[in-house]
There are 2 protein chains.
Amino acid sequence: MTDLAPHELRILVAVGKERGFSAAAGALGMTQSAVSHSVRASERKLGAVLFDRGRAGATPTAAGERALAHARRVLRLLEVMGAEVRGVADGTGGTLAGPLRIAAFRSAALHLLPGVLERLAARHPEILPEVRIVREVGRGTAGEVMDGRADLGIATIGTTSPVPPQLVGGVLVEEGYALVHPAGHSSPRSLPLVDWTENCTSYTRAWWAEQDWLPSATVEAEDDGAVLSMVSSGFGMAVMPELSLIGAPPSVQITDLGPERPTRSVGYVTTPELARSLAVRALIRELRAAVR
Amino acid sequence: MTDLAPHELRILVAVGKERGFSAAAGALGMTQSAVSHSVRASERKLGAVLFDRGRAGATPTAAGERALAHARRVLRLLEVMGAEVRGVADGTGGTLAGPLRIAAFRSAALHLLPGVLERLAARHPEILPEVRIVREVGRGTAGEVMDGRADLGIATIGTTSPVPPQLVGGVLVEEGYALVHPAGHSSPRSLPLVDWTENCTSYTRAWWAEQDWLPSATVEAEDDGAVLSMVSSGFGMAVMPELSLIGAPPSVQITDLGPERPTRSVGYVTTPELARSLAVRALIRELRAAVR
DNA sequence: CCCGATCCATGAATCCTCCTCATACACCCA
DNA sequence: TGGGTGTATGAGGAGGATTCATGGATCGGG
């Protein structure tokens, strides 16, 4: 038997990543001795020294670099193998390869998805995500999924816009609204309130109506990006969800609205069939991990 | 630990090949009991039944087919890993020393590969190419690569047969179709049209249908070689890709079909993992050089 | 210059995985 | 209904993997 077993491959990869036997052992939850034994066995099987051991740990030799590259590929292939075989058996289609169409509202597409898709690509390079920005008005992103134009939608979920009965979905995160106004403005509350069509659920609107300090004069903008740029140029103030405020310029000031502030739930919707597909499940897993 | 070990993969492949536990055990020099235990363990790890057991032995389920394809690929990758690591360590250059399995359709195997493999052998004598001729119907050569039975496939690539998403590939050359008929025939267009199953993409068929000068009566032959020999013996005429016409005897006459002639793309497909291996890269380099 | 810290190496003991042996079970056919 | 084909399964043993305990090498600092 000259082939390396998966656990041996994993140890090689860990040593390459942690740049040392002890560190790799720690990362894998095993003993330095086990790593040493295993690497030595792998080297014997392959007939080549894979790591230069030194004071500062272990660094791959040229042969070791090639071995690491192969080890990573083999491990990934084994991972995909498990996923596909299970998928075929489940009748979920079997492959996680191919395009994965995501409909998202603007702030999610800009501030939530990039990191998620990056990690998804790292773990499942065979998935090719396509993001389409859909205004969250009317049927919104859920409509895109219902109409078969998207596999998964990032949507606001609440009592006024629940998950449609023919779809499945879940809440990812509940985020609060915050007041945003020009930084350093002397009396920000005298500024007009800037708003945009997609903003706010009816629950939020009710909260809104109760706040007597809010000016009634409002200006309607195109989308949250336009609102934010109007605020940052001193034109007005706005009540926006936190997701829209990620990466806001220093020229705006964000004020928490306190414990009674309105919130909204951001979640996902998909079809029951697609919910079992490996690609959609992988994406949901990454979404869940991202909002934690 | 949910990943399958190499010995488990080998057992799966053997069972798939020998179509039975007992036969696989015999081929592997082990007990039927060991095979049974191992397959059961693999099924438990993957969470799917891989073989239907019956009177006549074992046949793979759908999940089993996928598992087998992956198993072959993983084992192949481990093989390449060993060879390359040893090669790097020896300072012999680091390319895979050993067999490189190529699946090609007939005309490519006969007219494109010989020169390519000659140059490959000159540059990398340690690579031992094995060519298997596969009819380009159904999943064709790409299927051989997907199932782990070949490292690289020479395939026709087009809208009707794109590179499968889980594979990687590229176009090598776009070649035209030409009319071929017996040399010196007085009215070649009155001859029947000879064809063979692998011939022509749907795009080509569409062009074909538009040509009112083409006779509708057709004769079906086994392969392009048979077609060419029928044409050369005066039996009929044919529309064939240029690759099939290399080395055609002087008894046939080749007529260019003009600028509107149909074309097909000939390319290669391989797995993402093998695409990085030195042997496959060397072969692709030679293929690219050859068609220039 | 030695002390301590921080690496990796190694031998023995333990635990667990995998294989074999022996046997049971299911099915088909003469 | 017995013999021949196949697979399933439990018990036991051999070998591999991990741990424990320890040794050896190398470097930086007092």
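About the cut-offs
Residue numbers here run from 1 along each chain, matching the order of that chain's written sequence. Chain labels run from A onward and ligand labels from 1 onward, assigned in the order the entries are written. Since the coordinates come from a predicted model, pLDDT governs what is reported: local features require at least 70, and pairs of side-chain atoms require 80 or more to be given and counted, while whole-chain, interface and lining totals use all residues. Computation of side-chain values: all heavy atoms of the structure, hydrogens and water removed. Here an angle of 0 to 180 degrees is reported between the N-to-C directions of two axes, which are lines fitted to C-alpha atoms, with helices fitted over the stretch in contact. A helix here means a DSSP run of H or I that spans at least four residues, while a strand means a run of E at least two residues long, and both kinds are numbered starting from the N terminus. By definition in this entry, angles of less than 35 degrees are roughly parallel, angles greater than 145 are roughly antiparallel, angles of 65 to 115 are roughly perpendicular, and the rest are oblique. By convention the crossing between two helices is left-handed if the near helix lies anticlockwise of the far one by an angle smaller than a right angle, and right-handed if it lies clockwise. Should any heavy atoms of two residues lie within 4.5 Å, those residues are counted as being in contact. Gly counts as polar in this scheme, as do all residues outside two lists: the nonpolar Ala, Val, Leu, Ile, Met, Phe, Trp, Tyr, Cys and Pro, and the charged Asp, Glu, Lys and Arg. A molecule or strand has a residue near it when one of that residue's heavy atoms lies within 4 Å. For this analysis, a polar contact is any N or O atom pair within 3.5 Å, provided that within protein one partner can donate a hydrogen and the other can accept it, and provided that sequence-adjacent residues contribute only side-chain to side-chain pairs. Space inside and on the surface of the protein is sampled on a 1 Å grid over the protein atoms alone, with a cavity defined as a set of points where a 1.4 Å probe fits but cannot get out and a pocket as an open set with protein on both sides within 12 Å along at least 5 of 7 lines; lining residues have an atom within 4 Å of a point. Grid points are joined across faces, edges and corners, and a volume is the space filled by probe spheres set on the points. The classification of residues rests on relative accessible area computed with a 1.4 Å probe and restricted to protein chains. Under 20% of the type maximum is buried, over 50% is exposed, and intermediate values are partly exposed. Two strands make a pair as long as DSSP finds a minimum of two bridges between them. Take a side-chain nitrogen of Lys or Arg and a carboxyl oxygen of Asp or Glu: if they are within 4 Å of each other, that pair is a salt bridge. Ring pairs shown here join Phe, Tyr and Trp side chains whose ring centres sit within 6.5 Å, with only the six-membered ring taken for Trp; geometry is labelled stacked below 30 degrees between planes, edge-to-face above 60, and tilted in between.

Enquirer: What am I meant to see in the packing of helix α2 (residues 21-28) of chain A against helix α3 (residues 32-46) of chain A here?
Expert: If you want to describe how two helices pack, look at the angle between their axes and the distance between the axes. All names here are of chain A. At a minimum axis distance of 8 Å, the contact between α2 and α3 shows a crossing angle of 110°. In terms of orientation, α2 and α3 fall into the roughly perpendicular class. Seen from above, α2 lies across α3 with right-handed handedness. Taken together, the residues of α3 that come into contact with α2 (itself represented by F21, S22 and A25) are Q32, V35, S36 and V39. Here the residues of the contact of α2 with α3 sort into four nonpolar, three polar and no charged.

Enquirer: Any chance you could explain the protein's contact with DNA strand C here in plain terms?
Expert: The local shell around DNA strand C holds 19 residues, among which F21, S22, S33 and R53 of chain A together with S33 of chain B are the closest. Take the atoms of DNA strand C that sit within 4 Å of the protein: sugar and phosphate atoms are 64% of them. Within the contact set of DNA strand C, a phosphate oxygen lies 3.1 Å away from a side-chain nitrogen or oxygen of S36 of chain A. Mapped by element, the contributors of at least two residues to the surface near DNA strand C are α2, α3 and β2 (57-60) of chain A together with α3 (32-46) of chain B. The element that contributes the greatest number of residues to the surface near DNA strand C is α3 of chain A, accounting for five residues. In terms of residue class, the surface near DNA strand C is built from four nonpolar, 11 polar and four charged.

Enquirer: I would appreciate a short explanation of empty space enclosed by the protein in the present structure.
Expert: Think of a ball as big as a water molecule: rolled over the atoms, this probe shows where empty space is left. All names here are of chain B. For the structure on display, the rule yields one cavity of 30 Å³ or more. Empty space within the largest cavity amounts to approximately 50 Å³. Lining the largest cavity, in full, are R72, R73, R76, L77, R101, G148, A150, D151, T271, E273 and L274. For the lining of the largest cavity, the secondary structure elements donating two or more residues are α4 (62-90) and α10 (272-275).

Enquirer: Would you mind showing me how to read the protein's contact with DNA strand D here?
Expert: Every one of the 19 residues lining DNA strand D counts as a neighbour, but T31 and S33 of chain A together with F21, S22 and S33 of chain B are closest to it. In DNA strand D, the atoms that sit within 4 Å of the protein are 56% sugar and phosphate, with bases accounting for the remainder. Between a phosphate oxygen of DNA strand D and a side-chain N or O atom of T31 of chain A, the distance comes to 2.8 Å. The side chain of S22 of chain B places a nitrogen or oxygen atom 2.6 Å from a phosphate oxygen of DNA strand D. Secondary structure elements with two or more residues in the surface near DNA strand D: α3 of chain A together with α2 (21-28), α3 and β2 (57-60) of chain B. Per-element accounting of the surface near DNA strand D gives the leading share, five residues, to α3 of chain B. Across the surface near DNA strand D, the residue classes break down as four nonpolar, 11 polar and four charged.

Enquirer: Could you clarify how one ought to interpret the pairing of strand β9 (residues 238-241) of chain A in this entry?
Expert: Note on strand geometry: in a regular strand, side chains alternate between the two faces of the sheet. All names here are of chain A. Residues of β9 alternate between two faces, with A238 and M240 on one and V239 and P241 on the opposite face, all of them buried. Relative to β9, strand β6 (residues 168-182) runs antiparallel, the two sharing four bridges. Residue pairing in the sheet places V180 in a bridge with A238 of β9.

Enquirer: Would you explain unusual backbone geometry in this entry?
Expert: One can expect most non-glycine residues to show negative phi and most peptide bonds to be in trans. Residues and elements named next belong to chain A. Positive phi outside glycine occurs at R19, with the angle close to 55°. As for its placement among the helices and strands, R19 is situated in the loop between α1 (6-18) and α2. On the basis of relative accessible area, R19 is assigned to the partly exposed category, the value being 47%.

Enquirer: Sorry if this is basic, but what is going on with the interface of chain B and chain A here?
Expert: When the parts of a complex come together, some accessible area is lost, and that lost area is often used as the size of the interface. Contacts between the two partners involve 38 residues from chain B and, on the opposite side, 34 residues from chain A. For the interface between chain B and chain A, the tally reads four salt bridges. For R10 of chain B, the salt bridge goes to D3 of chain A, with nearest N and O atoms at 2.8 Å. Summed over the shared surface of chain B and chain A, the result is seven residue pairs in polar contact (both at pLDDT 80 or more). For the side of chain B that touches chain A, the element with the highest residue contribution is α4 of chain B, accounting for 20 residues. Classifying every residue of the side of chain B that touches chain A gives 22 nonpolar, six polar and 10 charged.

Enquirer: Can you help me understand the packing of aromatic side chains in this one?
Expert: How two aromatic rings sit relative to each other is set out by the distance from centre to centre and by the angle between their planes. Residue and element names in this part refer to chain A. On inspection of all chains with the given rule, the structure shows two aromatic pairs over all chains. Judged by centre distance (6.4 Å) and plane angle (85°), the rings of F21 and F51 are edge-to-face. Residue F21 is located in helix α2, and its partner F51 is located in strand β1 (residues 51-54); the two are separated by 30 residues in the primary sequence. You can call F21 buried: its relative accessible area is 11%. F51 sits in the buried class, given a relative accessible area of 2%.

Scope: geometric values only; no functional claims are made or implied.
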